[in-house]
Amino acid sequence: MPEPLPRAFYNRPAIEVARALLGTVLVHGTTSGRIVETEAYLGPQSGLEDRAAHSWRGVTPRTRVIFGPPGYAYVYLIYGVYECLNVVAEPKGSAGCVLIRALEPVAGIPRMRSRRGGVPGVERLANGPGKLTLAMGITRRHNGADLTRGRLTIRPPERPEDIRIGVSPRIGIKHCADLPLRFFIEGNRFVSR
DNA sequence: CAATAGATCATCT
DNA sequence: GATGATCTATTGC
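Read on for an overview of the structure.

How each quantity is defined
- Residues numbered from 1 in each chain as written.
- Chains lettered and ligands numbered in written order.
- Predicted model: local features only at pLDDT ≥ 70, side-chain atom pairs only at ≥ 80, totals over all residues.
- Heavy atoms only, no water.
- Near = heavy atom within 4 Å.
- Polar contact = N/O pair within 3.5 Å; in protein donor to acceptor, adjacent residues only side chain to side chain.
- Phe/Tyr/Trp six-rings, centres within 6.5 Å; stacked < 30°, edge-to-face > 60°.
- Buried < 20%, exposed > 50% of the residue type's maximum accessible area, 1.4 Å probe, protein only.
- Salt bridge = Lys/Arg side-chain N within 4 Å of Asp/Glu carboxyl O.
- Helix = DSSP H or I, 4+ residues; strand = E, 2+ residues; numbered from the N terminus.
- Contact = heavy atoms within 4.5 Å.
- Disulfide = S-S within 2.5 Å.

### A word on the protein's contact with DNA strand B
As a matter of local geometry, DNA strand B sits amid Arg57, Thr60, Pro61, Arg62, Leu77, Tyr79, Gly80, Val81 and Arg140. Each atom of DNA strand B within 4 Å of the protein was assigned to sugar, phosphate or base; sugar and phosphate come to 74%. Between a base oxygen of DNA strand B and a main-chain N or O atom of tyrosine 79, the distance comes to 2.4 Å.

### Considerations on the packing of aromatic side chains
Taken as a whole and judged by the stated rule, the model has 2 aromatic pairs. For the ring pair phenylalanine 9 and tyrosine 10, a centre distance of 5.1 Å and an interplane angle of 75° mean the geometry is edge-to-face. Assessed through its relative accessible area of 14%, phenylalanine 9 is described here as buried. When the ring of tyrosine 74 is compared with that of tyrosine 76, the centres are 5.5 Å apart and the planes differ by 20°; the resulting orientation is stacked. The same class applies to tyrosine 74 and to tyrosine 76, which are both buried.

### Details of the pattern of salt bridges
Here the structure, examined in full by the defined rule, presents 10 salt bridges. Across the pair arginine 34 and glutamate 104 runs a salt bridge whose closest N-O atoms are separated by 2.8 Å. In this pair, arginine 34 is assigned in strand 2 (residues 31-42) and glutamate 104 in strand 5 (residues 96-107), connecting sequence segments 70 residues apart. A single salt-bridge network, built from bridges that share partners, covers Glu37, Glu39, Arg101 and Arg182.

### Some thoughts on helix 5 (residues 129-136)
A large share of helix 5 lies buried, amounting to 6 of its 8 residues. Restricting attention to buried positions, one finds in helix 5 the residues Pro129, Gly130, Leu132, Thr133, Ala135 and Met136. Looking at the buried side of helix 5, the elements it contacts are strand 1 (25-28), strand 2, strand 4 (82-88), strand 5 and helix 4 (109-115). In the segment just after helix 5, glycine 137 is the residue with positive phi, at about 75°.

### Regarding the protein's contact with DNA strand C
Not every one of the 21 residues close to DNA strand C is listed here, only the nearest: Tyr79, Asn86, Arg116, Gly130 and Lys174. Take the atoms of DNA strand C that sit within 4 Å of the protein: sugar and phosphate atoms are 50% of them. Within the backbone of glycine 128, one N or O atom sits 3.5 Å away from a phosphate oxygen of DNA strand C. Interatomic distance of 2.8 Å between a side-chain N/O atom of lysine 174 and a phosphate oxygen of DNA strand C.

### Topic: unusual backbone geometry
With phi around 50°, glutamate 49 is a residue other than glycine that occupies positive phi space. With respect to the helices and strands, glutamate 49 occurs in the loop between strand 2 and helix 3 (64-67). Residue glutamate 49 is classed as exposed on the basis of its relative accessible area of 51%. In this model, cysteine 176 sits at a positive phi of 55°, which is unusual for a non-glycine residue. Considering the arrangement of structural elements, one finds cysteine 176 in the loop between strand 7 (165-168) and strand 8 (182-185).

### Section: the state of the cysteines
A full pass over the atoms with the stated rule returns 0 disulfides. For cysteine 84, which is in no disulfide, the shortest distance to another cysteine sulfur is to cysteine 97 and amounts to 11 Å. On the accessibility criterion, cysteine 84 (5% relative accessible area) is buried. Here cysteine 176 is not cross-linked by a disulfide; its sulfur's nearest cysteine counterpart is in cysteine 97, at 14 Å.

Encoded structure:
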């Protein structure tokens, strides 16, 4: 298995990281999945006033991680029910992160299925932000975890591959619902709906 | 298949 | 006290 992506990979604008993450592999213990869908959330430095981003109002106890150094996990609870995994991008002091929205299961599929309550069909195992954290066993305990080492990492593909990147507005947000900040592998059937 | 309701709580006002 | 980067079950066609 390839080494984890280095910190430098994450030390650039969130949009670049969101695109570059497509095709890489999220690994947690014995389970892993290929990232096929991401969304970028921008900080004030983008000049875009991204009100959909948690970092929009500046540093708070929750958003501390997003303003920290790149290459760490930001995990939060949504609707009091599910948890979402983000990757922190951009240098320390600059807000910017990438929501992982969907995975193509690679290893440990039976384990993922049991964690998902036995849902049938590999396609439905991790094709959404709340589903993939469940399937991979990722929780708020991973908030602030270093993705360049340890049990939870992101690694390059085994072999270089040719993919087409699709772009669309982000899903499920109220503000800035027109910005084209969602990226996905064109034609991949594990992308969320 | 499409539309809708409800679950449930950390965070910030 | 309101809100939300979601998902599932259930309803109705």
